[in-house]
Amino acid sequence: AQKVTQAQTEISVVEKEDVTLDCVYETRDTTYYLFWYKQPPSGELVFLIRRNSFDEQNEISGRYSWNFQKSTSSFNFTITASQVVDSAVYFCALSDPPRDGNNRKLIWGLGTSLAVNP
Amino acid sequence: EAGVAQSPRYKIIEKRQSVAFWCNPISGHATLYWYQQILGQGPKLLIQFQNNGVVDDSQLPKDRFSAERLKGVDSTLKIQPAKLEDSAVYLCASSFLAYNEQFFGPGTRLTVL
């Protein structure tokens, strides 16, 4: 069965610190997608990134970076020089690629609540 | 490009009453999802539509919840009758086939008293 584990329930940092959010996944499939979403206090889930299982290149987008390691089944998310606006709940998710013309459902982690204090 | 629209944003009802939520997905997105998110938890998929057909409704409490997506665009989720445990945020999302990244609306916060 597929599963996503975000072991860190809550993290608190001071502004400008770097912080890494961990995500470990389980799947028997060789082809899959991994996602990160941000949910700020306003409540709307914001898509951050999709990573395909066959692409292990790390990705950087501004202060955000993602480290995908198939050997350890991990897809960790690092925020460099954190800011107060980064305070949110961050969810990691997993899905199979589309099949029979349908998108597959996302398997969600329980989320990590990040508090960035001034 | 307009995002996913949902209404209402907030709704307060008493138990045993009925309620309906509306969602308009991003133009061109064939897949539409309804999620329930209880405070402090991750989203729980209630139903997934591909165009106007149901792909997955395995976690939809069909004795009280119903959803439809007429003409493969807008969708409505209904709860009848509501229970206290239905208090949650109901999120609608849509995605383009093949990439599967889902884009979410602002949600409807339902309080059942």
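Note that this is a predicted model, so its numbers are computed, not measured.

## Some words on the confidence of the model for chain A
Part 1: In this model, chain A carries an average pLDDT of 93, and 100% of its residues clear a pLDDT of 70 or more.
Part 2: Within chain A, strand 3 (residues 19-21) of chain A carries the highest mean pLDDT (98), whereas strand 7 (residues 59-61) of chain A carries the lowest (88).

## Observations regarding the packing of aromatic side chains
Part 1: Counting across every chain of the model gives 21 aromatic pairs over all chains.
Part 2: Taking 5.6 Å as the distance between ring centres and 85° as the angle between the ring planes, the aromatic pair formed by tyrosine 37 of chain A and phenylalanine 104 of chain B counts as edge-to-face. With tyrosine 37 of chain A in strand 5 (residues 33-39) and phenylalanine 104 of chain B in strand 10 (residues 103-104), this residue pair bridges two chains.
Part 3: Using a relative accessible area of 5% as the deciding quantity, one classes phenylalanine 104 of chain B as buried.
Part 4: Taken together, the ring pairs connect Tyr33, Phe35, Tyr37, Phe47, Phe91 and Trp108 of chain A together with Tyr33, Tyr35, Phe103 and Phe104 of chain B into an aromatic cluster.

## A look at the environment of alanine 88 of chain A
All names here are of chain A.
Part 1: Mapped onto the elements of the fold, alanine 88 is located in strand 10 (residues 88-95).
Part 2: For the pair alanine 88 and leucine 114, spaced 26 residues apart in the sequence, the C-alpha separation amounts to 5.4 Å.
Part 3: Not counting residues up to four positions away in its chain, the partners in contact with alanine 88 are Lys38, Gln39, Pro40, Thr112, Ser113 and Leu114.

Calculation rules
Residues numbered from 1 in each chain as written. Chains lettered and ligands numbered in written order. Predicted model: local features only at pLDDT ≥ 70, side-chain atom pairs only at ≥ 80, totals over all residues. Heavy atoms only, no water. pLDDT = per-residue confidence, 0-100. Helix = DSSP H or I, 4+ residues; strand = E, 2+ residues; numbered from the N terminus. Phe/Tyr/Trp six-rings, centres within 6.5 Å; stacked < 30°, edge-to-face > 60°. Buried < 20%, exposed > 50% of the residue type's maximum accessible area, 1.4 Å probe, protein only. Contact = heavy atoms within 4.5 Å.

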